[in-house]
Amino acid sequence: MARPRSDEDAPAGQLSRNTAAYHWGKRSTFSPEDFCLDLAVLLDGRVIGCQGVAAKHFPVTRTGETGSWLGREFQGRGIGTAMRRAMCALLFDHLGFEEITSAAFLDNPASLAVSRKVGYQPTGISRIKRREGELALNQGLVLTPDDFVRGDVAVEVTGAAPVRSFLGLDAA
Ligand SMILES: CC(C)(COP(=O)(O)OP(=O)(O)OC[C@H]1O[C@@H](n2cnc3c(N)ncnc32)[C@H](O)[C@@H]1OP(=O)(O)O)[C@@H](O)C(=O)NCCC(=O)NCCS
């Protein structure tokens with residue numbers, strides 16, 4: 001999934017503007033044929049991260065790729081697993097997804113651990129140019145409803161109906 005430039009790459013002070021510009025752009029071009037549904041992750045009323053899914057030709061493919069980030073101070077507390085489970089429940093139970101994919105670099109154990117705990121299965125490994133002159137190995141992952149490990153936290157969904165309509169799911 002395309003992401004705004006990370007805080008390691010962006011010059012100081014530009015990260016917030018890059019992030020906002022990324023979301024403005026994605027919102028303005030949202031269509032059933034090509035969309036990123038990026039949902040805010042809130043803790044005690046404060047935005048601490050983002051859990052998204054990107055899809056192309058969704059009415060036919062019924063698949064999309066999840067991607068996420070959390071502020072550093074909020075990582076490693078189980079929030080990343082909870083937000084991915086919530087997103088997968090939304091996609092499978094309310095938005096008509098039949099498959100969900102993800103991908104993570106092999107040197108990103110936290111992301112790979114979240115995928116494993118949620119039930120994603122490994123597919124192939126791609127060779128990707130991560131930064132100038134740097135090769136990185138990217139693990140592909142796929143989740144089906146049968147493999148989905150929901151965990152023991154109940155997920156309550158509100159506001160799905162307008163999104164279904166926007167995706168053309170309820171068209172006559
Ligand atoms: C990926 C991310 C969203 C995960 O969220 P999180 O809240 O940190 O994840 P959780 O706390 O729910 O789970 C992390 C798991 O990774 C494991 N983990 C973390 N670092 C690890 C390491 N170095 N080696 C092995 N396992 C590791 C943890 O043990 C935990 O598994 P456990 O609960 O079985 O012990 C978050 O770390 C993040 O935003 N990272 C930076 C952005 C990013 O990489 N996004 C994904 C791009 S594909």
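Now for a look at the structure at hand.

### Side note on the site of the ligand
So, step 1. Taken together, 19 residues lie around the ligand, and Q75, G80, T81, P109 and A113 are the ones closest in.
So, step 2. For the shell around the ligand, the secondary structure elements donating two or more residues are β3 (63-70), α3 (79-94) and α4 (109-118).
So, step 3. No other element matches the 6 residues that α4 contributes to the shell around the ligand.
So, step 4. Residue classes in the shell around the ligand are distributed as 8 nonpolar, 9 polar and 2 charged.

### A closer look at the packing of α3 against α4
So, step 1. Viewed as axis vectors pointing N to C, α3 and α4 meet at an angle of 50°, and their least axial separation amounts to 10 Å. The orientation of α3 relative to α4 falls into the category oblique. Relative to α4, the crossing made by α3 is right-handed. On α4, the residues touching G80, T81, R84, R85 and C88 of α3 are A110, V114, K117 and V118.
So, step 2. A per-class count over the contact of α3 with α4 returns 4 nonpolar, 2 polar and 3 charged.

### Notes on the sheet that holds strand β4 (residues 99-105)
So, step 1. Strand order in the open sheet made by the 6 strands is β1-β2-β3-β4-β6-β5, with mixed pairing throughout. Among the strands making up the open sheet, the edge pair consists of β1 (34-43) and β5 (121-131). Averaged over neighbouring strand pairs, the angle between their axes works out to 25° when direction is ignored.
So, step 2. Bridge count between β1 and strand β2 (residues 46-56): 10 bridges; the pairing is antiparallel. Residue pairing for β2: L37 is matched across the bridge by V53.

Reading guide: rules and limits
Residues numbered from 1 in each chain as written. Predicted model: local features only at pLDDT ≥ 70, side-chain atom pairs only at ≥ 80, totals over all residues. Near = placed C-beta within 6 Å. Helix = DSSP H or I, 4+ residues; strand = E, 2+ residues; numbered from the N terminus. Nonpolar A, V, L, I, M, F, W, Y, C, P; charged D, E, K, R; others polar. Axes fitted to C-alpha atoms, helices over the stretch in contact; angles between N-to-C directions. Parallel < 35°, antiparallel > 145°, perpendicular 65-115°, else oblique. Left-handed = near helix turned anticlockwise from the far one by under 90°. Contact = placed C-beta atoms within 7 Å. Pairing = 2+ DSSP bridges.

Note that every value here comes from positions in space, so none of it alone points to a role or purpose.
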